[in-house]
Amino acid sequence: MTDRQTKERKWVAVVASVAHGNIHALEHIFPVVLPLLLVDFDGSVALFGAVGTAAYLTMGMGGLPAGYLADRLGSRRSLLLGTGLCVAGCGLVAVSPSALLVAASLSLLGVGLGLYHPAGLSLLSRTYDSFHGWSLGIHGVGGAASIVAGPAFFGVIAGMAGWRVAYLVAGGISVALLVALLLVPEPPRG
């Protein structure tokens, strides 16, 4: 294996770990900003419970179609599509003038989030013919660290600047991830 191939493989592991962390951070913004949404939209907990359910349902139910899509488009393209949907979802949440549009925007975000796991794990398994445990370990650390740090990070932003800014920052982070994903080589399909 050449030095370039080794560097590319390490880059794939790092980007997949960051992408895994990003999706878990994005999925945990809503519960953190929920009290602020309730105030801004004078909504009920039941209403926003339904809003959150719509977002999490689209994320959770996306696994089978996401796996199919990753097999057809390729891992990298599927990750680019999912991350692009996350950017759009975050941006739309940030500018939503009503609870209904927040729900629709969060559902779009959920679709983007749901595309990640089949594509991200496929990317790693197709990139690494050995060291699967190492690459999956790095990947797991990215997700777990973000589950811990993401709510705190976005909670501080929302507390200081508002829930809309928290979603704008999340969208900006996802744009940076899109750029990093463009530098990831598409692994061979097999």
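Conventions used here
- Residues numbered from 1 in each chain as written.
- Predicted model: local features only at pLDDT ≥ 70, side-chain atom pairs only at ≥ 80, totals over all residues.
- Heavy atoms only, no water.
- Salt bridge = Lys/Arg side-chain N within 4 Å of Asp/Glu carboxyl O.
- Helix = DSSP H or I, 4+ residues; strand = E, 2+ residues; numbered from the N terminus.
- Axes fitted to C-alpha atoms, helices over the stretch in contact; angles between N-to-C directions.
- Parallel < 35°, antiparallel > 145°, perpendicular 65-115°, else oblique.
- Left-handed = near helix turned anticlockwise from the far one by under 90°.
- Contact = heavy atoms within 4.5 Å.
- Nonpolar A, V, L, I, M, F, W, Y, C, P; charged D, E, K, R; others polar.
- Expected span 1.5 Å × (residues − 1).
- Buried < 20%, exposed > 50% of the residue type's maximum accessible area, 1.4 Å probe, protein only.
- Arc of directions from axis to C-beta.
- Phe/Tyr/Trp six-rings, centres within 6.5 Å; stacked < 30°, edge-to-face > 60°.

Caption draft 1: Representation of the pattern of salt bridges in the model. Evaluation of the coordinates by the stated rule reveals 1 salt bridge. Between Arg126 and Asp71 there is a salt bridge whose closest N-O contact spans 3.4 Å. Of this pair, Arg126 sits in helix H7 (residues 116-127) while Asp71 is found in helix H4 (residues 63-73), placing the two residues 55 residues apart along the sequence.

Caption draft 2: Layout of the packing of helix H5 (residues 75-95) against H7. Direction vectors running N to C along H5 and H7 enclose 150°, while the axes themselves pass 8 Å from each other. The angle between the axes of H5 and H7 places the two elements in the roughly antiparallel class. In the packing of H5 onto H7, the handedness of the crossing is left-handed. Here Ser75, Ser78 and Leu79 of H5 lie close against H7, whose contacting residues are Tyr116, Ala119, Gly120, Ser122, Leu123 and Arg126. Looking at the contact of H5 with H7, its residues break down into 4 nonpolar, 4 polar and 1 charged.

Caption draft 3: Broad picture of helix H6 (residues 99-114). The end-to-end C-alpha separation of H6 is 22 Å, in line with the 22 Å expected for 16 residues at 1.5 Å each. If you check which residues of H6 are buried, you get Ala99, Val102, Ala103, Ser105, Leu106, Ser107, Leu109, Gly110, Gly112, Leu113 and Gly114.

Caption draft 4: Focus on helix H2 (residues 29-40). With 12 residues, H2 extends 16 Å between its outermost C-alpha atoms, agreeing within 8% with the 16 Å of an ideal straight helix rising 1.5 Å per residue. When we look at burial in H2, the residues that qualify are Ile29, Phe30, Val33, Leu37 and Leu38. Buried residues of H2 fall within an arc of 165° about the axis and therefore sit on the same side. Those residues of H2 hidden inside the fold are in contact with helix H1 (3-27), helix H3 (45-60), H6, helix H8 (132-161) and helix H9 (163-182).

Caption draft 5: Examining the packing of aromatic side chains more closely. Enumeration over the complete set of coordinates arrives at 3 aromatic pairs. Between Phe153 and Phe154, the ring centres sit 4.9 Å apart and the planes meet at 75°, which makes this aromatic pair edge-to-face. When its relative accessible area of 43% is taken as the criterion, Phe153 is described as partly exposed. When its relative accessible area of 4% is taken as the criterion, Phe154 is described as buried. Taken together, Phe41, Phe48 and Trp163 form an aromatic cluster joined through their ring pairs.

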